Amino acid sequence: MSEMRSRYESFDCAPGLRLEAHERVTELQFKSIAGRLQRLEALMERLEKRLWLTVYGVVAVILAQAFQSLLAVGP
């Protein structure tokens with residue numbers, strides 16, 4: 001009896017294997033999504049830095065033109 005029991009205990013059934021494979025695929029998908037999210041966040045940070053640099057550049061040009069017009073009106 002114990003010989004039969006040990007023989008059956010080592011048997012893996014198809015639904016169990018399919019569930020295990022599905023869990024592995026799901027885990028890989030979540031890792032992939034997490035990697036994409038990290039890359040997207042890094043891209044957004046770089047874009048934000050460029051946007052602020054552009055805003056500061058536009059403000060600097062406006063201030064320079066205002067200062068230049070003040071110098072032209074002055075003496």
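Here goes a summary of the coordinates provided.

Conventions we followed
Residues numbered from 1 in each chain as written. Predicted model: local features only at pLDDT ≥ 70, side-chain atom pairs only at ≥ 80, totals over all residues. Heavy atoms only, no water. Helix = DSSP H or I, 4+ residues; strand = E, 2+ residues; numbered from the N terminus. Buried < 20%, exposed > 50% of the residue type's maximum accessible area, 1.4 Å probe, protein only. Areas by Shrake-Rupley, 256 points an atom, 1.4 Å probe, with all protein chains shown as cover. Phe/Tyr/Trp six-rings, centres within 6.5 Å; stacked < 30°, edge-to-face > 60°. Salt bridge = Lys/Arg side-chain N within 4 Å of Asp/Glu carboxyl O.

**So, the overall build of the protein chain**
- Scanning the protein chain from terminus to terminus reveals 2 helices and 0 strands.
- By the burial criterion, 1% of the 75 residues in the protein chain qualify as buried.
- When the accessible surface of the protein chain is split by element, carbon and sulfur atoms take 66% of a total near 7600 Å².

**Quick word on the packing of aromatic side chains**
- What the rule picks out here adds up to 1 aromatic pair.
- Here tryptophan 52 and tyrosine 56 contribute two aromatic rings whose centre-to-centre distance is 5.9 Å and whose plane-to-plane angle is 35°, an arrangement assigned as tilted. Of this pair, tryptophan 52 and tyrosine 56 both sit in helix H2 (residues 14-73), 4 residues apart, which is roughly one turn of that helix.
- Given a relative accessible area of 46%, tryptophan 52 falls into the partly exposed group.

**Observations concerning the pattern of salt bridges**
- Under the definition given, this model contains 2 salt bridges.
- Glutamate 20 is the salt-bridge partner of arginine 24, the closest N and O atoms lying 3.2 Å from each other. You can see arginine 24 and its partner glutamate 20 sitting in helix H2, 4 residues apart, about one turn around the helix.
- Residue classification places glutamate 20 among the partly exposed residues on the basis of a relative accessible area of 40%.
- Put simply, lysine 31 and glutamate 27 hold a salt bridge, and the shortest N to O gap is 3.5 Å. Taken together, the residues lysine 31 and glutamate 27, both in helix H2 and 4 residues apart, mark about one turn of the helix.
- Among the residues examined, lysine 31 registers a relative accessible area of 54% and is labelled exposed.

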